[in-house]
Amino acid sequence: MSPILDVKDLQTSFGAVNVLAGVSFAVEQGETYAMVGESGSGKTTVIRAIAGLAPAQAGSVKFDGQEIRGMSEKNLRPLRKDIAMMFQDPTGSLSPRLTIRNLITEPYKIQGMKDRDLDAEAKRLLELVNLPAHFADRYPYQLSGGQARRVGVARALALEPKLILADEPTAGLDVSVQGELLNLLNDLRERLGLSMVIITHNLNVVRHVADRMGILYLGRLVEEGTTEAIFDEPRHPYTNCLLSANPEPDPDARLERIALKGEPPSLIKRPSGCEFRDRCPVASDICTQVPQFEVTDGHAVRCLTPLHL
Ligand SMILES: Nc1ncnc2c1ncn2[C@@H]1O[C@H](COP(=O)(O)OP(=O)(O)OP(=O)(O)O)[C@@H](O)[C@H]1O
Ligand SMILES: [Mg+2]
């Protein structure tokens, strides 16, 4: 079976700012892939570029075998049905003047599906995300953070997508509410056969939902593998720093608070050699050379002196 999403060497610059320096990863049907990285590492840009909402000057994005990078909005429109986005900050992205009914059924209107019974669809979608039917008449400001996320999920599911791109789906939620939302996403994935890309700061989230994961540093993957392999035997010193600084029960362990040496380097003038070497606890002379992304036993790392190998 070919992957539902196949991203190769995706590159994005905003003017002189080179945000994505060639990101490659693939998501199999029914798989949940998590992308982890510090603030500013380019996570949101990756999924926006995949969805055609941010520029991608080079590379390839294949959805279900079809090249979609650089497609016109007109040609993308039918595909918008198959690829759903859940944006960072759900309350902010829910239009405050619309009732929940109108919000979650808006995708039908955008797609011009005039014959849909919107009341019935709203009821169906609310049920899918375990919210009571009478929530249809509420407004976003009347929702808790967790309920707003569920509404975001309902809206994303409206057009029966094949792939969900979710940006920080649990940020700002209490631990118990996070758990409920993740269970919901897992459950929906199984029931509806969805594939998902989840972007997150939160390593506990990854552990809970992801089959495989990639670690993004300065707009480049530095490690990729099954979630189990990465948690058990991280190979990149950066990943190791992230994991060792992750206090298990703290759900909001924002990665940027982690005690790594220094600041991430500038995206305008990228460092030579290994781009992590100035902050790396185990860097040596060899790290002035450029590391390649090398795969051993299905586990890839971009490091000249990898751990556990
Ligand atoms: N439209 C834009 N114009 C210029 N620069 C941008 C634009 N969008 C993103 N950037 C820059 O790209 C870099 C990556 O941003 P991005 O939002 O992808 O990071 P992120 O990993 O999602 O961070 P966070 O965890 O804080 O959400 C940042 O340096 C940001 O300033
Ligand atoms: Mg982001």
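Before going into details, it helps to say that this report is about the structure given with it. What you see is a predicted model, and the numbers here were worked out from it, not measured in a lab. (Residues numbered from 1 in each chain as written. Chains lettered and ligands numbered in written order. Predicted model: local features only at pLDDT ≥ 70, side-chain atom pairs only at ≥ 80, totals over all residues. Heavy atoms only, no water.)

### Some remarks on the site of ligand 1
No. 1: Taken together, 13 residues lie around ligand 1, and Ser39, Gly40, Lys43, Thr44 and Thr45 are the ones closest in.
No. 2: In the environment of ligand 1, an oxygen atom lies 3.3 Å from a nitrogen or oxygen atom belonging to the backbone of Ser41.
No. 3: Lys43 places a polar side-chain atom, nitrogen or oxygen, 2.8 Å from an oxygen atom of ligand 1.
No. 4: Alone, ligand 1 offers 640 Å² of accessible surface; in the complex the protein occludes 61% of this.
No. 5: Take the shell around ligand 1: its biggest share by element is 3 residues, from helix H1 (residues 43-50).
No. 6: For the shell around ligand 1, the class distribution of residues is 3 nonpolar, 8 polar and 2 charged. (Near = heavy atom within 4 Å. Polar contact = N/O pair within 3.5 Å; in protein donor to acceptor, adjacent residues only side chain to side chain. Areas by Shrake-Rupley, 256 points an atom, 1.4 Å probe, with all protein chains shown as cover. Helix = DSSP H or I, 4+ residues; strand = E, 2+ residues; numbered from the N terminus. Nonpolar A, V, L, I, M, F, W, Y, C, P; charged D, E, K, R; others polar.)

### Observations regarding the packing of aromatic side chains
A ring pair, where both rings are aromatic, is described by two values, the distance of the centres and the angle of the planes.
No. 1: Counted by the stated rule, this structure contains 5 aromatic pairs.
No. 2: Relative to Phe276, the ring of Tyr217 has its centre 5.2 Å away and its plane inclined at 80°; by these criteria the two rings are edge-to-face. Residue Tyr217 is found in strand S9 (residues 212-217), and its partner Phe276 is found in the loop between helix H10 (237-244) and strand S11 (293-296); the two are separated by 59 residues along the sequence.
No. 3: Residue classification places Tyr217 among the buried residues on the basis of a relative accessible area of 3%.
No. 4: Assessed through its relative accessible area of 2%, Phe276 is described here as buried.
No. 5: The structure contains a cluster of three or more aromatic residues connected by ring pairs, namely Tyr217, Tyr238 and Phe276.
No. 6: We note Arg138 situated over the ring of Phe135; from NZ or CZ to the ring centre the distance is 4.1 Å. (Phe/Tyr/Trp six-rings, centres within 6.5 Å; stacked < 30°, edge-to-face > 60°. Buried < 20%, exposed > 50% of the residue type's maximum accessible area, 1.4 Å probe, protein only. Lys NZ or Arg CZ within 6 Å of the ring centre and 35° of its normal.)

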